[in-house]
Amino acid sequence: QPRRDRAVFVDVATSAAPLPALCLDRRGGISLRIDGLPGSEHYLYDMTGAWSLVPVRVPLQSESQPIAATVALFLSVDNASWQNLGHALAFLAPQVFAAFSKVYARHGLDGVWSRRENIQVYLYMLRGSQQMLMSSTHPHLLPWLALLSPHPPIFLPDPTMPPLSGSALPPPLVLGGNATRCHIAGHWGGAVPPAGLSKVAFDLLSDMARSLPAWQVPQDILMRRVWGVATT
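Quick caveat: nothing in here was measured; it's all calculated off a predicted structure. (Residues numbered from 1 in each chain as written. Predicted model: local features only at pLDDT ≥ 70, side-chain atom pairs only at ≥ 80, totals over all residues. Heavy atoms only, no water.)

**Section: the nonpolar core**
Okay, so step 1: Counting residues in each nonpolar core, the largest one holds 38 residues, and the members touching the most others are L75, V77, W82, F100, L123 and L148.
Okay, so step 2: Contributing elements (two or more residues each) for this core: strand 6 (68–76), helix 2 (85–116), strand 7 (119–124), helix 3 (141–144) and helix 4 (199–211).
Okay, so step 3: Here the element with the most residues in this core is helix 2; it accounts for 11 residues.
Okay, so step 4: In this structure, L123 is in contact with L75, V77, W82, L145, I154, F155, L156 and L173, ignoring residues within four places of it in sequence.
Okay, so step 5: Core analysis: the next-biggest nonpolar cluster, separate from the first, contains 18 residues, I30, V54, L156 and W188 among them. (Core = buried A, V, L, I, M, F, W, Y, C linked by side-chain atoms within 4.5 Å. Buried < 20%, exposed > 50% of the residue type's maximum accessible area, 1.4 Å probe, protein only. Helix = DSSP H or I, 4+ residues; strand = E, 2+ residues; numbered from the N terminus. Contact = heavy atoms within 4.5 Å.)

Structural data, given as structure tokens:
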């Protein structure tokens with residue numbers, strides 16, 4: 001039976017939680033449109049491996065901003081996933097599966113590309129990990145986020161850390177927190193589902209990587225852009 005003290009539930013097939021309409025304030029704080037929930041501050045469990053609770057507020061605090069017809073996809077990134085290619089792909093596979101598996105099964109890649117247009121990725125790094133943004137190491141995960149959305153990913157800075165400058169972030173990552181942003185729905189990224197990832201999940205990732213329009217370029221350009229290396 002569902003617990004009465006929980007208002008957001010995880011999809012067992014994808015280990016991700018769908019969220020209702022939401023807004024992010026100028027500090028990156030999240031508020032949700034949930035009616036009848038007592039109190040003002042609640043928590044979402046970070047299922048990606050950071051083993052932490054992320055505070056959220058109810059009801060929705062939009063500051064009169066319009067609610068965009070887009071889905072906010074939240075990803076909590078650790079050092080290994082950011083800086084190591086193998087870890088990056090292992091991190092990305094369940095996110096791609098959770099975001100696109102249902103539309104992929106019904107409509108193929110055409111449906112995936114259509115849904116992708118309506119996704120905005122948000123990244124956050126807890127426990128002081130955002131210092132790795134200043135590292136000279138190639139951010140292996142960053143170019144692969146293009147599979148999830150054509151829009152530049154937005155970084156939500158850790159409020160307990162010294163302020164960041166947007167110019168310090170590796171492109172196309174942009175700094176959030178400069179305006180209230182509202183979305184019609186959200187997607188709280190999860191870990192690998194309990195049953196593991198099927199061949200369909202990896203086929204989806206592979207098909208998207210091979211067919212992404214922005215990656216239909218000469219090999220040398222693609223290697224530099226995505227892998228951070230040159231062929232010559």
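**Some details on unusual backbone geometry**
Okay, so step 1: With omega at 0 degrees, the peptide bond leading from V58 into P59 counts as cis.
Okay, so step 2: By the element assignment, P59 lies in the loop between strand 5 (53–57) and strand 6.
Okay, so step 3: Between P171 and the following residue, P172, the backbone shows a cis peptide bond with an omega angle of 5 degrees.
Okay, so step 4: If you trace the backbone, P172 turns up in the loop between strand 8 (154–156) and strand 9 (174–175).

**Some thoughts on the packing of aromatic side chains**
Okay, so step 1: Under the defined criterion, the tally for this structure stands at four aromatic pairs.
Okay, so step 2: Relative to W188, the ring of Y124 has its centre 5.9 Å away and its plane inclined at 25 degrees; by these criteria the two rings are stacked. Placement of Y124 in strand 7 and of W188 in strand 10 (residues 181–188) is noted, with a sequence separation of 64 residues between them. Take Y124 and W188: they sit in the same class, and that class is buried.
Okay, so step 3: Ring centres 5.1 Å apart and planes at 85 degrees place the aromatic pair W144 and W215 in the edge-to-face group. Here W144, found in helix 3, pairs with W215, found in the loop between helix 4 and helix 5 (219–227); they are 71 residues apart in sequence, far enough to count as distant.
Okay, so step 4: A relative accessible area of 7% means that W144 is categorised as buried.
Okay, so step 5: For W215, a relative accessible area of 8% puts it in the buried group.
Okay, so step 6: Site record: aromatic cluster; members linked through ring pairs are F74, Y122, Y124 and W188. (Phe/Tyr/Trp six-rings, centres within 6.5 Å; stacked < 30°, edge-to-face > 60°.)

Don't take any of this as a statement about function, it's just geometry.
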